[in-house]
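Structural overview for review
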Amino acid sequence: LVQKNNNEHISHERRSCYLRCFLQSNMVIQPATAMTTMKACQGSGYGAPEDMLKVETSVKIPSLADIPKRQRKDWAIIKVHAVALAPGDCRVLGGKTAPLQGPPSFPYTPGGDVCGTITELDSDAPADLPFKIGERVCAMFHEAPRGALGEYAAVHVSSVCSKVPDNVRSVGAASLGSSGPAAIALFDRIKEGDRVLILGAGGGVGSLLCQLDRIKGASFVAGVSSDSDRLTEKPLAVDAAVDYTKRDPFDKEVWQSKKFDVIIDLASGGWLKLLEKSKSGKESIVKTAKEGGRYLTLCPDESTFEAHTWWAILKIFLFPALWRAMYSRLTTRGRLPKYTYAIGLPSKRTDLDRILQFVSDDQVVPCIDSRGPFPFTTEGIVAAFKLQESRHVKGKVVICVADE
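Residues numbered from 1 in each chain as written. Predicted model: local features only at pLDDT ≥ 70, side-chain atom pairs only at ≥ 80, totals over all residues. Heavy atoms only, no water.

On to the sheet that holds strand β8 (residues 195–199). The six strands are arranged β10-β9-β8-β11-β12-β13 in an open sheet whose pairing can be described as parallel. Looking at the sheet topology across the chains shown, the edges are occupied by β10 (240–243) and β13 (338–341). Recorded for the sheet is a direction-independent mean angle of 15° between the axes of neighbouring strands. Relative to β13, strand β12 (residues 294–297) is paired through four bridges, and the arrangement is parallel. When the sheet's bridge partners are listed, L296 is paired in β13 with T340. The sheet contacts of helix α7 (residues 204–216) involve β8, β9 (220–225) and β11 (262–265), and relative to β8 the element is tilted by about 175°. (Pairing = 2+ DSSP bridges. Helix = DSSP H or I, 4+ residues; strand = E, 2+ residues; numbered from the N terminus. Axes fitted to C-alpha atoms, helices over the stretch in contact; angles between N-to-C directions. Contact = heavy atoms within 4.5 Å.)

Next up, the structure:
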C-alpha cells in the first residue's frame, strides 16, 4: 500500500513507480527447469494431417530423466528453433510403416529433423562431444522421425547431431538434418569432369546436389523437375533443365548424342525407364557400365510405399538393389550403367558436419520452400504436412518453432 506522506497525496506517477518496485522486489523468478509443460504438436492417431494434428499447450516437457539411465549419456534436451519435414514424417503419420516406425502410443509428437539450443546434457556424456549446453545443434531423427515438433525435444547426440556454425540460420540448419548427409553420400560418388543428370533435382536432396556437384568439379549438371526455371536460377544454377510434365528427359536427343556419366535418381522409377528404353532398342542418355556409366539412387521404384514387416522392407529396398547391382556389373555391362543403391542415412555426424561447413563457407545455400517457413500453429503444421505429402516441394518444408 502507498499511503499519504506528510498529509499529502503521492502523485499517481510516483504511486505507480513504487508499486512496480514493490512487485519486482517480491517477485519469484521461476527457472526454466521448473517448467513441466510446453506447447507441442500432437498426432492423435494414424490418418490425414487435418484430422490428426493439433498444437496443444500442456504437453510434458521431455527430460533426460525419462530416458533409461544406461542410454542417458547419448541424449540431450534442446530448446527447439526449427523442424524440417521429410517423406518419413508423412509415412509415420499415415500409418504406412506403423509396426516399424510408428509411435509406441498416442498422442505422439511428430517431426524428426531439428535445430535447437542445448539445455540439458548428461553428466556422463561423451567427453569428445563437439558442443555443450547453450550451443546450437542440428540433428537427424534417431530410429524414427518423431519427437521434434515441440518447444523442447530430446536428440541423440552420439549419432547424427552436429554443432551449427554461428553464421548458419536455424531454419537452414534444420533443413539439413537428413537431406544433408544423403546429399553428401551421393556427392562422394561424383568424379571430376562427370556429366551428371539429377532426377528430382528440385527437392531437398536434389537442391543440395545441384550445388555440390559443381564443387566436385562436374563438367555439366542437368536437372529434371516440374519447375525447370527454378533449377537454372541461383543458387541451383544447373546447365540445363527439363520439366518432366512436358517432356520425357530420356528421349532428349542432345543427351542421347552426348551421354551422361552419372544419373542420380531422387524421384523413383528411373531404372525402370532405362530398362524400357534398353529393351526397345532406343538410344540411352547414359553411358553403359563398360563405358564407366553409373546410376545412383536413394529411392525404391515407387515414391510412396507401405510396409508393415521387415520382410516387406527387404523386398522393396534390398532384394531389387542387390539383383540390379549384380546383373548391371555382369550380364548387362554393355547395355546399362552400373546400378548402386547409395545408403543415405548414416549413423555418425561426419557428413552432417561437412554439409554445415559448406553452408558456413557460402559454397552451398540451404533451399527452403518459399511457401514457408510455416508457423508453429495447428494450421501452419497441417499446411506443411500437406505440402510434404504433395511431393511438389521446392527444397525443404520447414516449420519455425521459436526465434533463434
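The next thing to look at is the pairing of strand β3 (residues 75–84). Among the 10 residues that make up β3, nine are buried, leaving the element largely enclosed by the rest of the structure. By the bridge criterion, five bridges tie β3 to strand β6 (residues 152–156) in an arrangement that is antiparallel. Bridging from a neighbouring strand, I77 pairs with A154 of β6. One ladder, built from eight bridges, connects β3 with strand β4 (residues 113–121); its direction is antiparallel. Bridge assignment links I78 to a residue of β4, and that residue is I118. Relative to strand β15 (residues 398–400), β3 is paired through three bridges, and the arrangement is antiparallel. Across the sheet, A82 pairs through a bridge with C400, a residue of β15. (Buried < 20%, exposed > 50% of the residue type's maximum accessible area, 1.4 Å probe, protein only.)

Next up on the list: the packing of helix α3 (residues 87–94) against helix α13 (residues 378–390). In the contact formed by α3 and α13, the axes pass within 9 Å of each other and the chain directions differ by 105°. Looking at the two axes, α3 sits roughly perpendicular to α13. Contacts between α3 and α13 involve P87, D89, C90 and L93 from the former and F385, Q388 and E389 from the latter. Within the contact of α3 with α13, the residues separate by chemical class into four nonpolar, one polar and two charged. (Parallel < 35°, antiparallel > 145°, perpendicular 65-115°, else oblique. Nonpolar A, V, L, I, M, F, W, Y, C, P; charged D, E, K, R; others polar.)

Here we come to the confidence of the model for the chain. Mean pLDDT over the chain: 90, with 91% of residues reaching 70 or higher. The model gives residues 1–33 a pLDDT under 50, and that stretch makes eight contacts with residues more than four places away or in other chains. (pLDDT = per-residue confidence, 0-100.)

Side chains of R189, K191, K290, R329, R333 and K338 sit close together on the surface and give a patch of like positive charge. Within the element layout of this structure, K338 appears in strand β13. (Patch = residues over 30% accessible without salt bridge, like charges linked within 9 Å, V, L, I, M, F, W, Y side chains within 5 Å. Areas by Shrake-Rupley, 256 points an atom, 1.4 Å probe, with all protein chains shown as cover. Salt bridge = Lys/Arg side-chain N within 4 Å of Asp/Glu carboxyl O. Lys, Arg positive; Asp, Glu negative; His and termini not counted. Charge placed at Lys NZ, Arg CZ, Asp CG, Glu CD.)

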